[in-house]
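Listed below, chain by chain, are the residues.
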Amino acid sequence: MALRIYNTMTHKKEEFQTLEPNRVRMYVCGPTVYNKAHVGHAMSALVFDIIRRYLDYRGYQVSHAMNFTDVDDKIILRANEMKVDPFALAEGYIREFEQNLADLNILPATIKPRATQEIPQILKMVQDLIDNGYAYPLNGDVYFRVRKDEDYGRLSGRKLEDMQAGARIDVDSRKEDPMDFALWKSARPGEPSWESPWGPGRPGWHIECSAMNLTHLGEQIDIHGGGNDLIFPHHENEIAQTESLTGKPFARYWVHNGMLQLGGEKMSKSLGNLVTIEDFLAQHPADALRLMVLTSSYRGPLTFNDEVIATAERGVERLRSALRPALPGAAGAPQSTLDALAKQMETTQATFIESMDDDFNSSGAVAGLYELVRSINQARADGARDAELAPAQAKLRELGAVLGLTLQEEQRGAQGADPFVDLLVELRTEMRKQKQWAFSDLIRDRLAALGVVLEDSKEGTRWRWNA
RNA sequence: GGCGACGUGGCCAAGUGGCAAGGCAAGGGUCUGCAAAACCCUGAUCACGGGUUCAAAUCCCGUCGUCGCCUCCA
């Protein structure tokens, strides 16, 4: 069975065929860096990280580009408010975002272009579009002429007529058509700008992505991704610009992730209902956010609230539970148990591929992982030795890694606290021997309040930092 | 108003024509000094109304509802 991907352009799942064998060119729209990144940005980055890892697992060599929009109105506005240099502001947020991604175990994109580093290519594209009649200068700005592009609106399924009816913005009456969009914006005094044939200015929002694609990936790419809030106008305009110039279909597959919902609304900078990635990671493991994304459908909305987070954290715990060692004194599991475990490994592997091949159905893939977890835990309870558990645990780690799950226990305790926890646990063990239950329970409760979980068993007490 | 996605047990979520995966929560049990973890057991006819079919959660039509986009937005 082949990999199938839902294509926003055709509204169908289509069999995945690359332009070049075993090679994938993927471009994902990154953030505009005028503020701290929030978990909604993380969701998008996670979705495409999962896709990228899976394509890699399936044997493709993936060129993964993610851009930074590092010059635009909001950056300039915010820099002015804060009285700092806009480029320095952008640079700072880019570094923070890259750190956020690393903390989330998201692989760095192989290509990380920035708008400000593409100015020559952008100027050339704008000039070419003017030369071809697809664009026109107007008092220092340059606009794309949507009427000239017959199939404008193809991606988002809109017609120019329909859109005009709903347009609510102030229309610049100088433009030939209200829907014409800026390729180049003239600079006002004090704004960062570059010299151009039309006067000093800066690139419009959409053109940078077209230019970066052309420069770094070529005229045609396999996958173009981003949040579904970018379908219109951003991606629509990218298509218009790029295809008007190259005359070739721009991207084979348009892939869009759904929005993270907070309090029933899209989490966004403009609505102000956001949780930064930094804040999230201060309280929860990276695997938890990833598991939330994995167990929902990437195309649909994802609800973000305390209950969903708690569920994901427990899920992470459950996955990790399978990686624990054999019970002390394990004498080996019955053959029937080992056979069942071996069979489950195969089933899980098959389910994994089958699910992920079906438009990255990670929820189904994770369900298979949970089934393997249960089999492993069953085998352990049946007395399996470490060596008997190892292959299944390795399989769990392997498939977990394909999804980007670390399954690592958190090392979140205060630095150097571990020996002291050991000491308390040791003291408590002595108390338990003397049946000093009240004291034992007090220690357990107090440690729990500090984030340390104790688990007693016949063979002794084990402890870990709570996620 | 236009375009699109979606509506499956208390919650999250697979399944897209042939007996409704999985996780969390809940209840019962094993284990435990108690607890935790782990293991075992228990629950849904799939928003609603029509239609197609031997057979539909799954296809078609309609209704209602949720969300996104139509303005910067992952």
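In this text the structure is predicted, and so the values were computed from the model without any measurement. (Residues numbered from 1 in each chain as written. Chains lettered and ligands numbered in written order. Predicted model: local features only at pLDDT ≥ 70, side-chain atom pairs only at ≥ 80, totals over all residues. Heavy atoms only, no water.)

1. A look at the overall build of chain A
Consideration 1: Scanning chain A from N- to C-terminus turns up 15 helices and 15 strands.
Consideration 2: Taken along its principal axes, the extent of the C-alpha atoms in chain A is 90 × 55 × 35 Å.
Consideration 3: Taking all 467 residues of chain A together, 53% fall into the buried category.
Consideration 4: Within chain A, counting contacts between residues at least 6 apart in sequence, those at least 24 apart form 77% of the total.
Consideration 5: Accessible surface, chain A as shown: approximately 21,700 Å² in total, 51% of it carbon and sulfur.
Consideration 6: Averaging the locations of the 54 positively and 67 negatively charged side chains of chain A gives two centres separated by 3 Å. (Helix = DSSP H or I, 4+ residues; strand = E, 2+ residues; numbered from the N terminus. Buried < 20%, exposed > 50% of the residue type's maximum accessible area, 1.4 Å probe, protein only. Contact = heavy atoms within 4.5 Å. Areas by Shrake-Rupley, 256 points an atom, 1.4 Å probe, with all protein chains shown as cover. Lys, Arg positive; Asp, Glu negative; His and termini not counted. Charge placed at Lys NZ, Arg CZ, Asp CG, Glu CD.)

2. Here's the deal with unusual backbone geometry
Consideration 1: Omega for the bond connecting F232 with P233 falls within 30 degrees of zero, at 0 degrees, which places this linkage in the cis form.
Consideration 2: With respect to the element layout, P233 can be found in helix 7 (residues 231–246).
Consideration 3: At N105, a residue that is not glycine, the phi angle is positive and equals roughly 60 degrees.
Consideration 4: Within the secondary structure, N105 sits in the loop between helix 3 (86–103) and helix 4 (119–131).
Consideration 5: In this structure N105 comes out as partly exposed when scored by relative accessible area, which is 28%.
Consideration 6: The backbone of D359 shows a phi angle near 55 degrees, a positive value even though the residue is not glycine.
Consideration 7: Inspection of the secondary structure puts D359 in the loop between helix 11 (335–357) and helix 12 (362–381).

3. Quick look at the domain arrangement of chain A
Consideration 1: Domain parsing of chain A yields domain 1 (20–279), domain 2 (284–402) and domain 3 (418–465).
Consideration 2: Between the C-alpha centres of domain 2 and domain 3 the distance comes to 28 Å. (Domains from an automatic or database assignment.)

4. Remarks on the packing of aromatic side chains
Consideration 1: Counted under the stated rule, the structure contains 17 aromatic pairs.
Consideration 2: Note on Y134 and F144: the rings are 6.1 Å apart at their centroids and 15 degrees apart in plane angle, and the pair reads as stacked. Residue Y134 is located in the loop between helix 4 and strand 5 (135–138), and its partner F144 is located in strand 6 (residues 141–144); the two are separated by 10 residues in the primary sequence. In terms of burial, Y134 and F144 fall into one category: buried.
Consideration 3: Among the aromatic residues, ring-to-ring pairing joins Y54, Y57, Y298, F352 and F360 into one connected group.
Consideration 4: Across the ring face of Y134, the terminal group of K148 is positioned such that the distance to the ring centre comes to 5.3 Å.
Consideration 5: The ring of Y6 has R299 lying over it, and the distance from NZ or CZ to the ring centre is 3.8 Å. (Phe/Tyr/Trp six-rings, centres within 6.5 Å; stacked < 30°, edge-to-face > 60°. Lys NZ or Arg CZ within 6 Å of the ring centre and 35° of its normal.)

5. A short note on the protein's contact with RNA strand B
Consideration 1: With respect to spatial proximity, 62 residues lie near RNA strand B, and among them W205, G227, L230, M267 and Q378 are the closest.
Consideration 2: Within 4 Å of the protein, the contacting atoms of RNA strand B are drawn from sugar and phosphate to the extent of 68%.
Consideration 3: Between RNA strand B and S44, the relevant distance is 3.2 Å, taken from a sugar or linking oxygen to a side-chain nitrogen or oxygen of the residue.
Consideration 4: Q261 is positioned with one of its side-chain polar atoms (N or O) 3.4 Å from a sugar or linking oxygen of RNA strand B.
Consideration 5: For the surface near RNA strand B, the leading source of residues is helix 12, giving 8 residues.
Consideration 6: Broken down by class, the residue content of the surface near RNA strand B amounts to 13 nonpolar, 27 polar and 22 charged. (Near = heavy atom within 4 Å. Polar contact = N/O pair within 3.5 Å; in protein donor to acceptor, adjacent residues only side chain to side chain. Nonpolar A, V, L, I, M, F, W, Y, C, P; charged D, E, K, R; others polar.)

6. A look at empty space enclosed by the protein
Consideration 1: Under the definition given, this model contains 2 cavities of 30 Å³ or more.
Consideration 2: Taken together, V47, I50, I51, V293, Y298, F360 and S362 make up the full set of residues lining the largest cavity.
Consideration 3: Class assignment of the residues belonging to the lining of the largest cavity gives a composition of 6 nonpolar, 1 polar and no charged.
Consideration 4: A domain split of the lining of the largest cavity shows at least three residues from each of domain 1 (20–279) and domain 2 (284–402). (1 Å grid on protein atoms, 1.4 Å probe; cavity = no way out; pocket = protein on both sides within 12 Å on 5 of 7 lines; lining within 4 Å. Points joined across faces, edges and corners; volume = space filled by probe spheres on them.)

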